[in-house]
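Fold and contact review
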Amino acid sequence: DSGVTQTPKHLITATGQRVTLRCSPRSGDLSVYWYQQSLDQGLQFLIQYYNGEERAKGNILERFSAQQFPDLHSELNLSSLELGDSALYFCASSPGQLSSGNTIYFGEGSWLTVV
Amino acid sequence: QQPVQSPQAVILREGEDAVINCSSSKALYSVHWYRQKHGEAPVFLMILLKGGEQKGHDKISASFNEKKQQSSLYLTASQLSYSGTYFCGTEFLNDYKLSFGAGTTVTVRA
């Protein structure tokens, strides 16, 4: 158990709908990262927050948005869902910025199935 | 700027050794290695900072060749528990994120 908590663990929804994935980082961690992993694919970086501020952005679709709240938990909002959005969404956290020698620890992920 | 991993897959018998490579076209600040079992979270194995150090975790070790911008993960005397997909995550200076390779699937058979 990495200490990163993600909810829900599984979610099935219809095309066109909107969902929110939630992440609580490890105690004391200030950075939160979101990754998408499609079936048997690698980990695609979506977005990173540090202490409430967006610090890095990957190939995140305009239909997707995220934020980190004052209590450091983060939410990833996915809207106008398409079949291709079906994937395992991981949240990860780290104590600070990566360049200070930290690494990131992954949560168990949220399985999203769009039907 | 995702790193390139090789091989894509490897099949081992218990006790055999394997090497997984991770290459970048851009200067690396650090390399992070993870193992993922199917449908589970990637689990952190070790981090290599620039400087060419080698680290070990049980019979799994890694090196970082700064001149070649390449890291290698060594699986020694493999065990059944080593099966999974290994990912390298690369970090560039002031980039604030890890970019992951496509992964190397390791299957260890009895």
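Data block above holds the structure.
Quick caveat, the model's predicted, so the values are computed rather than measured. (Residues numbered from 1 in each chain as written. Chains lettered and ligands numbered in written order. Predicted model: local features only at pLDDT ≥ 70, side-chain atom pairs only at ≥ 80, totals over all residues. Heavy atoms only, no water.)

Next up on the list: the sheet that holds strand S7 (residues 64-68) of chain A. Residues and elements named next belong to chain A. Ordered by their spatial adjacency, 4 strands build an open sheet running S1-S3-S8-S7, and the pairing between neighbours is antiparallel. Looking at which strands have only one partner, the edges of the open sheet turn out to be strand S1 (5-7) and S7. Between one strand axis and the next, the sheet turns through 15° on average, direction left out of account. Of the pairings in the sheet, the one linking strand S3 (residues 19-24) to strand S8 (residues 74-78) comprises 5 bridges and is antiparallel in character. Paired with Thr 20 across the bridge in S8 is Asn 77. (Pairing = 2+ DSSP bridges. Helix = DSSP H or I, 4+ residues; strand = E, 2+ residues; numbered from the N terminus. Axes fitted to C-alpha atoms, helices over the stretch in contact; angles between N-to-C directions.)

Residues and elements named next belong to chain A. Scanning the entire structure with this criterion turns up 2 disulfides over all chains. Shown here is the disulfide that connects Cys 23 with Cys 91, its sulfur atoms set 1.9 Å apart. Disulfide Cys 23-Cys 91: torsion about the S-S bond near -60°, hence left-handed. Here Cys 91 lies in strand S9 (residues 87-94) and Cys 23 lies in strand S3, a separation of 68 residues in the sequence. Taken as a pair, Cys 23 and Cys 91 share a single burial class, namely buried. (Disulfide = S-S within 2.5 Å. Buried < 20%, exposed > 50% of the residue type's maximum accessible area, 1.4 Å probe, protein only.)

Residue and element names in this part refer to chain B. As enumerated under the stated definition, the model contains 11 aromatic pairs over all chains in all. Relative to Phe 44, the ring of Tyr 34 has its centre 5.8 Å away and its plane inclined at 65°; by these criteria the two rings are edge-to-face. Taken as a pair, Tyr 34 in strand S4 (residues 30-36) and Phe 44 in strand S5 (residues 43-49) lie far apart in primary sequence, 10 residues in all. You can call Phe 44 partly exposed: its relative accessible area is 23%. (Phe/Tyr/Trp six-rings, centres within 6.5 Å; stacked < 30°, edge-to-face > 60°.)

Our focus in this paragraph is the layout of surface pockets. Each pocket or cavity is described by its volume, and for the largest pocket that value is around 490 Å³. Along its surface, the largest pocket is lined by 26 residues, and Gln37(A), Leu39(A), Asp40(A), Gln41(A) and Gln36(B) are the ones closest to its centre. Elements supplying a minimum of two residues to the lining of the largest pocket: S9 and strand S11 (110-114) of chain A together with strand S1 (4-6), strand S9 (84-91) and strand S11 (104-109) of chain B. Counted by class, the lining of the largest pocket contains 9 nonpolar, 15 polar and 2 charged residues. (1 Å grid on protein atoms, 1.4 Å probe; cavity = no way out; pocket = protein on both sides within 12 Å on 5 of 7 lines; lining within 4 Å. Points joined across faces, edges and corners; volume = space filled by probe spheres on them. Nonpolar A, V, L, I, M, F, W, Y, C, P; charged D, E, K, R; others polar.)

Moving on: the nonpolar core. Trp33(B), Leu73(B), Leu75(B), Tyr86(B) and Val106(B) are the most contacted members of the largest nonpolar core, which totals 22 residues. Counting only elements with at least two residues in this core, the list comes to strand S2 (9-13), strand S3 (18-23), S4, S5, strand S7 (60-65), strand S8 (70-75), S9 and S11 of chain B. Apart from the residues within four sequence positions on either side, Leu75(B) is in contact with Glu16(B), Asp17(B), Ala18(B), Ile20(B), Lys59(B), Ile60(B), Tyr82(B), Tyr86(B) and Val106(B). If you look at the next biggest cluster of nonpolar residues, it comprises 20 residues, including Leu81(A), Ala87(A), Cys91(A) and Leu112(A). (Core = buried A, V, L, I, M, F, W, Y, C linked by side-chain atoms within 4.5 Å. Contact = heavy atoms within 4.5 Å.)

Following the sequence through the fold, Gly89(B) ends up in strand S9. It is 13 Å that separates the C-alpha atoms of Gly89(B) and Phe64(B), two residues lying 25 residues apart in sequence.

So, on to the interface of chain A and chain B. One frequently used descriptor of interface size is the decrease in accessible area upon assembly of the parts. Each partner contributes residues to the interface: chain A has 25 residues there, and chain B has 25 residues. Counting each side, the surface lost to burial between chain A and chain B is near 1900 Å², with a carbon and sulfur contribution of 60%. One can count 0 salt bridges joining chain A with chain B. Residue assignment for the side of chain A that touches chain B shows that the elements contributing at least two residues are strand S4 (31-37), strand S5 (44-50), strand S6 (53-57) and strand S10 (105-106) of chain A. When grouped by side-chain class, the residues that make up the side of chain A that touches chain B number 11 nonpolar, 11 polar and 3 charged. (Buried area = accessible area lost by both parts, 1.4 Å probe. Salt bridge = Lys/Arg side-chain N within 4 Å of Asp/Glu carboxyl O.)

All names here are of chain A. By the definition in use, this model includes 5 salt bridges over all chains. With a closest N to O distance of 3.7 Å, Glu 82 and Arg 63 form a salt bridge. Taken together, the residues Glu 82 in the loop between S8 and S9 and Arg 63 in the loop between S6 and S7 connect sequence positions 19 residues apart. We classify Glu 82 as partly exposed; its relative accessible area is 43%. Between Arg 63 and Asp 85 there is a salt bridge, with the nearest N and O atoms lying 2.8 Å from each other. In this pair, Arg 63 is assigned in the loop between S6 and S7 and Asp 85 in the loop between S8 and S9, connecting sequence segments 22 residues apart.

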